[in-house]
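Residue-level listing of the chains:
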Amino acid sequence: TSQFFDWNAYLKETSSEAAPAFCFKQYEEPPENKFEPGMKLETIDPRNSTSTCVATVIHKVGPRLRLRLDGGDNKNDFWRLVDSSEISVVGTVMEKGGLLQPPLGFRSNASCWPQFLQKTLNNARMAEPFLFVPEPPTPPENFFKPGQKLEAIDRKNPHLICAATIGKVEDDDIFISFDGWKGAFDYNCKYYSRDIFPVGWCQKSGHLLQPPGHKIAAGKNKTRIQGGPVMLPCGSPVHNSNMIVQTSSAPTSPQVTLIEADTSTIIPKLETRQVCVYVNSECNCGPFLNPNK
Ligand code: MLY
């Protein structure tokens, strides 16, 4: 069992509890995954929810499938559970009188779509109906309590499932924070989100679990810069050893937004210890920042 994260020890160490399984829209036993790479299925285009598209299974991990839309690019792969309501047998939308649509960013001319579709489905290995598992029931209400631990998909790195904690609970919404990651990956979701799992789900389903990170949690000696973010031009020589750089889903600024700073080196008179810089994905982050972080 040493290859698995020791939740029991961690719960003890942090004097916390695991969110009970009945809180989650997940089966007690993770479903079996009998899909194989190369199989085709139908799914909603995650970037355009009005389109139903053909997708190919690229990879499988536990009950999860890595999918790529046929006719799209390989930069927008996404993940679905085998018991997701968003995947179905090829032919489902046609039965309902709908049509299979080209994905957003279809790689050729829209007029080529009919021929492309015919070609992509011809002799394709279709995922058979029995592979699709019906979606689990939705819990009757939001039973989560702040402080409970869980396993959650890192939406910025959706191949990862990580140790996390429930923050604020309000109506149907819950706040998910990633243990040891200083807030950069946190998000709000519905209590019935398919992206969250009870403690032990990864181990049961054969999925890797990311243990807590080592970033210092926001605490007393951390202050938000008053007056809002500080703007710096792209490639600014912000030299500080403790920076966390977020290149995905940056704020709308075309430049670099400094959110929190080690103020001894950058902005004097503030008492924070780490820097969190958001770099717009179109920008070069300059010689002092690690773009892979
Ligand atoms: N390259 C990123 C990966 C962060 C993953 C965070 N998850 C696990 C919450 C980094 O090291 O910052």
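I will try to describe carefully the structure that is included in this document. (Residues numbered from 1 in each chain as written. Predicted model: local features only at pLDDT ≥ 70, side-chain atom pairs only at ≥ 80, totals over all residues. Heavy atoms only, no water.)

1. Brief notes about the nonpolar core
Line of reasoning, step 1. Core analysis: the largest hydrophobic core is formed by 29 residues, its most contacted members being F144, I176 and I196.
Line of reasoning, step 2. Here the element with the most residues in this core is strand β7 (residues 161–170); it accounts for 5 residues.
Line of reasoning, step 3. Non-local contacts of I176, meaning those with residues more than four positions away in its chain, are made with L150, A152, A164, T165, I166, D186, Y187, C189 and I196.
Line of reasoning, step 4. C53, L65, I87 and F132 belong to the second largest nonpolar core, which has 15 residues in total. (Core = buried A, V, L, I, M, F, W, Y, C linked by side-chain atoms within 4.5 Å. Buried < 20%, exposed > 50% of the residue type's maximum accessible area, 1.4 Å probe, protein only. Helix = DSSP H or I, 4+ residues; strand = E, 2+ residues; numbered from the N terminus. Contact = heavy atoms within 4.5 Å.)

2. Considerations on the sheet that holds strand β10 (residues 196–197)
Line of reasoning, step 1. As summarised here, the arrangement of the 5 strands in space is β9-β8-β7-β6-β10, forming an open sheet in which the pairing is antiparallel. Each edge of the open sheet is held by one strand with a lone partner, namely β9 (187–190) and β10.
Line of reasoning, step 2. Note that β7 and strand β8 (residues 173–178) share 5 bridges and pair antiparallel. Bridge assignment links V169 to a residue of β8, and that residue is I174. (Pairing = 2+ DSSP bridges.)

3. Section: the packing of aromatic side chains
Line of reasoning, step 1. For the structure on display, the rule yields 13 aromatic pairs.
Line of reasoning, step 2. Centroid distance W181 to F185: 5.4 Å. Interplanar angle 85 degrees. Geometry classified as edge-to-face.
Line of reasoning, step 3. Given a relative accessible area of 14%, F185 falls into the buried group.
Line of reasoning, step 4. It is K156 that lies over the ring of F185; its NZ or CZ is 5.6 Å from the centre. (Phe/Tyr/Trp six-rings, centres within 6.5 Å; stacked < 30°, edge-to-face > 60°. Lys NZ or Arg CZ within 6 Å of the ring centre and 35° of its normal.)

4. Observations concerning the environment of W79
Line of reasoning, step 1. Here W79 shows up in strand β4 (residues 78–81).
Line of reasoning, step 2. Separated by 79 residues in sequence, W79 and P158 have C-alpha atoms that sit 7.1 Å apart.
Line of reasoning, step 3. If we skip the residues at most four places from it in the chain, W79 touches H59, V61, R64, L65, R66, P158 and H159.

5. Section: the pattern of salt bridges
Line of reasoning, step 1. Applying the stated criterion across every chain, the model contains 12 salt bridges.
Line of reasoning, step 2. Taking the shortest distance from any N to any O, the salt bridge between K204 and E29 comes out at 3.6 Å. On the criterion of sequence distance, the pair formed by K204 in helix α4 (residues 201–205) and E29 in the loop between α1 (7–13) and β1 (40–45) is long-range, its members being 175 residues apart.
Line of reasoning, step 3. Residue class for K204 comes out partly exposed when judged on its relative accessible area of 47%.
Line of reasoning, step 4. By relative accessible area, E29 is classed as exposed at 54%.
Line of reasoning, step 5. With its nearest N and O atoms 2.9 Å apart, the salt bridge here joins D195 to R155. Taken together, the positions of D195 in the loop between β9 and β10 and R155 in the loop between β6 (149–153) and β7 put the pair 40 residues apart, joining distant regions of the chain.
Line of reasoning, step 6. Beyond isolated ion pairs, a larger network of salt bridges with shared partners links R66, R68 and D77. (Salt bridge = Lys/Arg side-chain N within 4 Å of Asp/Glu carboxyl O.)

6. Regarding the sheet that holds β1
Line of reasoning, step 1. Ordered in space as β4-β3-β2-β1-β5, the 5 strands form an open sheet in which the pairing is antiparallel. Looking at the sheet topology across the chains shown, the edges are occupied by β4 and β5 (87–88).
Line of reasoning, step 2. Note that β1 and β5 share 2 bridges and pair antiparallel. Bridging across to β5, E42 finds its partner in S88.

7. Side note on the pairing of strand β3 (residues 64–69)
Line of reasoning, step 1. Relative to β3, strand β2 (residues 48–61) runs antiparallel, the two sharing 6 bridges. Of the residues in β3, the one forming a bridge with A55 is L69.
Line of reasoning, step 2. The hairpin formed by β2 and β3 contains 2 residues between the paired strands, and G62 there has a positive phi angle of roughly 55 degrees.
Line of reasoning, step 3. In this structure, β3 lies alongside β4, joined through 4 bridges in antiparallel fashion. The residue bridging L67 from the neighbouring strand is F78, located in β4.

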